[in-house]
Amino acid sequence: MNKCNLNLKEIALLPPSLHYRIFLNKILTNMDDGRPSWENPMQFVFACISFAVGLGNVWRFPYLCQMHGGGGFLIPYVIMLVVEGLPLFYLELSLGQLLRKGSIGAWKTINPYLVGVGAASVVVSFLVSVYYNAIVAWSFWYLFHSFENPLPWARCPLTTNRTEYVEECAKSSPTEYFWYRETLNITSSINEPGTFHWGMVLCLILSWLVVYLCIIRGTESTGKVVYVTASFPYLVLLIYLIRGVTLPGAVNGLKYMFTPKIEELIDPKSWIDAATQIFFSLGLGFGSLIAFASFNQKNNNCEKQAVIIAFINSLTSVFASIVTFSIYGFKATHNYESCLDRMVLLLMNTFDLMEGTITHTNLKEWMNFLNSTDPDKFSTLIPHLETCDLQSQLDTAAEGTGLSFIVFTEAIVNMPGPSQIWSVLYFSMLLMLGIGSMVGNTAGVITPLSDMKIISKHMPKEVMTGIVCLLACLIGLVFNIGSGNYWFSIFNDYAATLTLLLIVLVEVIGICYVHGIRRFRNDIEMMIGHKPNWYWVITWTFVSPVLIVGLLIFYVVDYIMSGTLTYSTWNSVEVCINQSLLSYIYLDLFNIIIKNDQANPKSMLLLIHSLILRECFVVDLIIRLVSLFYKYFSSVA
C-alpha cells in the first residue's frame, strides 16, 4: 500500500521499467484525490476553445492580415503556429494534467524556486481580467442600445434648440461621437480624470456579476457555460458570413484579403507580429491552461486535444477574417460610391448640368473637360473636391475597440435590413467571446489560490471568488471615468506583453532544463501511453526559447526606438515598470507563504505587509491611484 502513496514525480525517479511504471500510474489514476473533474473531455475542449478564441481573433488578426499583405500573412502565421504556439500550448496542458494543480502549485512541485512563475501568472491574469472585463461592459452598453430605433449611433444628435446637429458630432461622425462622447465621455488628457459615467459603472458591475455566476461552482458551472460561450460566436459569424458575402462590394474586400503581397514576407515585422499573435491568441503564460488541464483525468489524451484546439483557434481567426473583410469590402465600396455621389452632385450644381449627365463611370472625363473649358469656375471647386479611391478605403486599417465600436457599427448602420438585428447579433457575439475569455482569465487566478491551504482552510471558495471579483470590479472603475480610455490603453499595452513572454520563457527553461526533458517525456508517457516525439522535443528545447528571446529583444528595442504613448513620463514609463514588474515582486512572498502554508494567518499578514512596504514602486502606484480619485472628487466638489 505504501506504493500507492507515491506521486507522479516519485514514479518518474523509479528504475525505468515501463510496465511497472504504467502499472503504478494506473493505480494512481484510479485513486480519487478529491479534485473536481470535467464531466467529459468535451467540456475541457470547449473550455479551452472558449478561452483561446477571444476578441483578438475577431479584431486583431484581420487587422494584421490587412497590414501585412492579406493572404500572404497566413504563411508566417502557420509557420509560427507549428514551431511556437502549438508546442507551448501542449506543454502547459501536459503540466496541468500531470500535476493536477493550478499554476502556483504546479511550479512548486517542479521546483520550489520556480513558484514565482506561478505567482506571476496569477498577477498577470488578475490585471488582464481587470481591464478585459471593461470590454464586456462596453459590449453590454452597446447591446442595450441596440434595441433602440433608430440606433443611437446612426445619426448625430440635435442641439438643445433642435435646429442643427451637435457640432462635435458633425465634425467627426455619428459612430465616433457615440463611442467617444456617449460611451467613454472622454477627456482631452489622462491628467483630467473627468467624472464617472454611471451607466457604464452599472454595466461593469453587471459584467462582473455575470462572470461570478459563471465561475462560482468551478467546473460544475463553468463546464456548462463554455458550451454557450464557445459555440454561439460561430453561429453569429456564420450568419454574418452568409449576409456579408451577399452585400454589394463584399467581393472587393475578399479579393483584398486573398491577394497575397509576397514582398511583405521580407519584412521582419510580419514574422514578429505573426509570432506575437499566435502567442497571445492561445492564452500562453496566463496559467489558465494549466488550471483547466488540472481538472482532467490523468490518462486524458491532452496531446490530441492540444492539436485540435490550437488549429480550431487558428482556423477561427481565418474564418473571422473572411467575415470581417466582406464587411470591409461593403463599407469601403459604400464610402467610395458616396464620395462619387458627392462629386457628381457638386459638379452638376456648379455647372447647371442636366441630371444623369455625369455618372460614376464618366466622372473623371467630365472633371477634365470642365477644367479645360472653364478653368476659373472649376478652380473655385478645388477646396471642395475629394479624392475618391476604392483602394485607399480598403487600405484604411482599424483594430481593437476602433474596429468593433466604430468601423463595425458604421457598417451595421449601412447594412440592408433591420440594423437592430445585426447590432444585437454582433454585440451578443462580443459578449460571449469576452465572457468566455474572462472565465479562463479568472480560472488562472482562482484555481491556484484555491489550491493553497492557507486560503482554502479559512475561506470558502465562493467567498474567495466573490472577493477577487469585487476587488477587480473596484479597480476597474478607473475605466469608467473620463480618462478611463487612457488607462485602458496603458493596461492593454503594458499589463501583460513583456511579462507573459518572460513567464513562458522561464516555463520552457524550467521544464526542459530544471525538471529535465527526459523526465518530462516519461511523465507524459505515463499519462497518454507514449512519449512525445522529436518534433515536440526540438521545439521545446531549442526553437521556442530562441523565438521567445527574439520577441523579447524586439519589444525592448522597439520600446526604446519608437517611444511610448503620448502621455507624460510618469504615465507611460513608470506605470509600465509598475505593471511589468508587479508580477515578479511577489516571488519571495509566495515562496514564504507556500513553504509555510500551515503558519499562523496573523504572522503571514505581517510578512505580506512588510514585503509590500519594501516594494516602493507598488506604494507609488497606490499613491497615484489614490491621487487620481482625489482629483476626481475634488473636481466634483
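Scroll up to find the structure.
Remember, it's a predicted structure, so these values are computed and weren't measured experimentally. (Residues numbered from 1 in each chain as written. Predicted model: local features only at pLDDT ≥ 70, side-chain atom pairs only at ≥ 80, totals over all residues. Heavy atoms only, no water.)

Enquirer: Before we go on, may I ask you to explain the environment of Asn301 in this structure?
Expert: Locating Asn301 in the fold gives a position in the loop between helix H15 (288-293) and helix H16 (302-351). Separated by 227 residues in the primary sequence, Asn301 and Ile528 have C-alpha atoms spaced 5.4 Å apart. Within polar-contact distance, the side chain of Asn301 engages the backbone nitrogen of Lys304 at 3.3 Å. (Helix = DSSP H or I, 4+ residues; strand = E, 2+ residues; numbered from the N terminus. Polar contact = N/O pair within 3.5 Å; in protein donor to acceptor, adjacent residues only side chain to side chain.)

Enquirer: What is the right way to look at the nonpolar core in this model?
Expert: If you look at soluble globular proteins, the nonpolar side chains tend to sit buried side by side. Core analysis: the biggest nonpolar cluster contains 171 residues, and Leu93, Tyr240, Phe292, Phe479 and Trp540 have the highest contact counts within it. No other element matches the 21 residues that helix H8 (residues 115-145) contributes to this core. Contact partners of Trp540, with chain neighbours within four places excluded, come to Pro87, Leu88, Tyr90, Leu91, Val508, Cys512, Ile517, Phe520, Ile524, Pro532 and Pro545. Val344, Leu363, Leu381 and Cys388 belong to the second-largest nonpolar core, a separate cluster that totals 13 residues. (Core = buried A, V, L, I, M, F, W, Y, C linked by side-chain atoms within 4.5 Å. Buried < 20%, exposed > 50% of the residue type's maximum accessible area, 1.4 Å probe, protein only. Contact = heavy atoms within 4.5 Å.)

Enquirer: Would you mind going over the state of the cysteines with me for this structure?
Expert: Covalent bonding between the sulfur atoms of two cysteines is what defines a disulfide. The full count for this structure, using the stated rule, is two disulfides. One disulfide bridge connects Cys156 with Cys169, the sulfur atoms lying 2.0 Å from each other. Given an S-S torsion of about -80°, the disulfide between Cys156 and Cys169 has left-handed geometry. Taken together, the residues Cys156 in the loop between H8 and helix H9 (167-170) and Cys169 in helix H9 connect sequence positions 13 residues apart. As far as burial versus exposure is concerned, Cys156 and Cys169 are alike and both buried. (Disulfide = S-S within 2.5 Å.)

Enquirer: Mind showing me how you'd approach the pattern of salt bridges here?
Expert: Side chains bearing opposite charge may pair, as long as their charged atoms lie close to each other. Tallying each qualifying case throughout the model produces seven salt bridges. Glu462 is the partner of Arg217 in a salt bridge, and the nearest nitrogen-oxygen pair spans 3.5 Å. With Arg217 in the loop between helix H11 (198-215) and helix H12 (219-245) and Glu462 in helix H23 (residues 461-476), this pair connects stretches of sequence that are 245 residues apart. The exposed category is assigned to Arg217, whose relative accessible area is 52%. Here Glu462 falls in the partly exposed class, since its relative accessible area comes to 30%. Note that Glu386 is salt-bridged to Arg342, the shortest N-O span being 2.9 Å. In this pair, Glu386 is assigned in the loop between helix H18 (375-379) and helix H19 (390-395) and Arg342 in helix H16, connecting sequence segments 44 residues apart. Residue classification places Glu386 among the partly exposed residues on the basis of a relative accessible area of 36%. (Salt bridge = Lys/Arg side-chain N within 4 Å of Asp/Glu carboxyl O.)

Enquirer: What exactly am I supposed to notice about unusual backbone geometry here?
Expert: Across residues other than glycine, the phi torsion is negative in most instances, and most of the peptide bonds are trans. Along the chain, Asn149 connects to Pro150 via a cis peptide bond; the corresponding omega equals 0°. Along the chain, Pro150 turns up in the loop between H8 and H9. Positive phi outside glycine occurs at Arg100, with the angle close to 50°. Structurally, Arg100 can be placed in the loop between helix H6 (74-99) and helix H7 (103-110). On the accessibility criterion, Arg100 (8% relative accessible area) is buried. Phi at Asp352 is positive, roughly 50°, even though this residue is not glycine. Of note, Asp352 is situated in the loop between H16 and helix H17 (363-373).

Enquirer: What is the right way to look at the environment of Ile412 in this model?
Expert: Relative to the assigned elements, Ile412 resides in helix H20 (residues 400-414). In this structure, the C-alpha to C-alpha distance between Ile412 and Lys331, residues 81 residues apart in sequence, is 9.2 Å.

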